[in-house]
Amino acid sequence: MAYDPNKRPDDMARITTKEQADAFIAEQVAAVRAQVGDKKVLLALSGGVDSSVVAALLIKAIGRQLVCVHVNHGLMRKGESEQVIEVFGKELDANLVYIDATDRFLDLLAGVSEPERKRKIIGAEFIKVFDEESAKLQGIEFLAQGTIYPDILESIKAAEGKKAVKSHHNVGGLPEDMKMALVEPIKLLFKDEVRVVGEALGLPHAMVYRQPFPGPGLGVRCLGAITRDRLHALREADAILREEFDIAGLAEKVWQYFIAIPDVKSVGVKNESRYEGWPAIIRAVNTKDAMTATIEEIPYAVLHKIVARITAEVEGINRVLYDLTPKPTGTIEWE
Ligand code: XMP
């Protein structure tokens, strides 16, 4: 049978140890150097596990010939863009272009409440911003991508016409007409292997073991039409939830956990006065493949602390709800 570069060889061992990861890294460093020579490579660096591992691997292979573009669409979680700048821009001395496109995205999304429409706007605008930035750069011949093996398996399924509940536009899904050859050093790896490789490359544990975060980011958690004040409340409440999950040792036990805030206000009371605010909804689920999900049982003491902190610290929120619905019937995200 002909060699297929998109097929994981049957005899390829699962990478579980630092030694195996180091061997993989050495092999890929050589392969990337052979592929790109002295040319430049462009990478959309979201700060997610996959693009971060590709960035660290390519920095090791070709240093500043790699140009990382980080587009902040204004829908990142608290501290995420800052972490990209700190780790890649400072510690790894990457050739990093940082673009704060918050206003562009939020202006386009103003008044748009339909979830699929929101996803399309975010995906299309991301491509536009990335395109504009790459047009300013000279002499780039390669495009690096954090494709991993499940993505390849997923596109095979999609090509077979299996229907999805949501469009799952991935921000970072780049223009097909970009005339650049692809560099995809982790495309035969499963997620657990990408993490082992990431740690071997010296990336921070929190970055490598980060929970999955949808491409449209907080955009599909600020439910309905996004407003800046509700988005701000969401980002702050979500940061508190993550902090408390960390303290309680739940951060790596629960597959995905976050806050969603609907476009609804209720009457409450704060400082002895009537206080109309939004409810923050806690979602904390476990799953193997994201097709079905179960609810993590969070200890009441942890929940009480989260409720107390969010209602006290976050402007605009007067209630905290805990979503106990498994998937099905609820999807993991609310939109
Ligand atoms: P649902 O809500 O469909 O989510 O149960 C399943 C998993 O997919 C993530 N998700 C997305 N990821 N772009 C992404 O890259 C999207 O538009 C999107 N929508 C949902 C969700 O966070 C969960 O992990």
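Bear in mind the structure is a predicted one, so any value in this text is a computation, not a measurement.

Trainee: Could you give me a rundown of the nonpolar core, with the residues and numbers involved?
Mentor: By size, the foremost hydrophobic cluster in this structure holds 49 residues, and its most contacted members are L42, V71, L231, F245, I259, I310 and I317. Top contributing element to this core by residue count: helix α9 (residues 228–247), with seven residues. Mapped onto the domain boundaries, this core takes at least three residues apiece from domain 1 (18–208) and domain 2 (221–322). Beyond its immediate stretch of four places on either side in the chain, L42 contacts V67, V69, F130, S134, L137, I140, F142, L143, A144 and M180. Grouped together as the second largest cluster of nonpolar side chains are 40 residues, V53, F142, L189 and V197 included.

Trainee: Before we move on, can you summarise helix α5 (residues 115–136) with the specific residues and values?
Mentor: An ideal rise of 1.5 Å per residue puts 32 Å on 22 residues; α5 measures up with 32 Å between its terminal C-alpha atoms. Where α5 is concerned, the buried positions are K118, R119, I121, I122, G123, E125, F126, V129, F130, E133 and S134. The inward-facing, buried residues of α5 contact β1 (40–44), β2 (66–72), β3 (95–100), α4 (102–109) and β4 (140–144).

Trainee: An account of the sheet that holds β2 is requested, with residue identities and associated values reported.
Mentor: The strand order β3-β2-β1-β4-β5 describes an open sheet built from five strands, whose pairing is parallel. Looking at which strands have only one partner, the edges of the open sheet turn out to be β3 and β5 (181–183). Here the strands of the sheet are splayed against their neighbours by 30° on average, with no regard to which way each runs. Examined bridge by bridge, β4 and β5 share three bridges and lie parallel to one another. The residue bridging A144 from the neighbouring strand is V183, located in β5.

Trainee: An account of the side chain of E133 is requested, with residue identities and associated values reported.
Mentor: By the element assignment, E133 lies in helix α5. Here K136 takes part through its side chain, which lies 2.8 Å from a polar atom of the side chain of E133. Other than its neighbours up to four places away in sequence, E133 contacts V69, V97 and I99.

Trainee: Go over the site of the ligand, please, and point to the residues and values.
Mentor: Around the ligand lies a shell of 15 residues, among which R119, K166, K327, I332 and E333 are the nearest. Contact between the ligand and Q256: an oxygen atom at 2.8 Å from a side-chain N or O atom of the residue. One of the backbone nitrogen or oxygen atoms of I332 is found 2.7 Å away from an oxygen atom of the ligand. If the ligand stood free it would expose 490 Å²; the protein chains cover 92% of that surface. Taken together, the residues that form the shell around the ligand break down as five nonpolar, six polar and four charged. Residue contributions to the shell around the ligand reach at least three from each of two domains, namely domain 1 (18–208) and domain 2 (221–322).

Trainee: Describe helix α2 (residues 49–62), with residues and values.
Mentor: When the terminal C-alpha atoms of α2 are compared, their 20 Å separation across 14 residues agrees well with the 20 Å that a helix rising 1.5 Å per residue should span. With 13 of 14 residues buried, α2 is to be regarded as a mostly interior element.

Thresholds, definitions, all that
Residues numbered from 1 in each chain as written. Predicted model: local features only at pLDDT ≥ 70, side-chain atom pairs only at ≥ 80, totals over all residues. Heavy atoms only, no water. Core = buried A, V, L, I, M, F, W, Y, C linked by side-chain atoms within 4.5 Å. Buried < 20%, exposed > 50% of the residue type's maximum accessible area, 1.4 Å probe, protein only. Helix = DSSP H or I, 4+ residues; strand = E, 2+ residues; numbered from the N terminus. Domains from an automatic or database assignment. Contact = heavy atoms within 4.5 Å. Expected span 1.5 Å × (residues − 1). Pairing = 2+ DSSP bridges. Axes fitted to C-alpha atoms, helices over the stretch in contact; angles between N-to-C directions. Polar contact = N/O pair within 3.5 Å; in protein donor to acceptor, adjacent residues only side chain to side chain. Near = heavy atom within 4 Å. Areas by Shrake-Rupley, 256 points an atom, 1.4 Å probe, with all protein chains shown as cover. Nonpolar A, V, L, I, M, F, W, Y, C, P; charged D, E, K, R; others polar.

The values reported here are purely geometric and, on their own, carry no functional implication.
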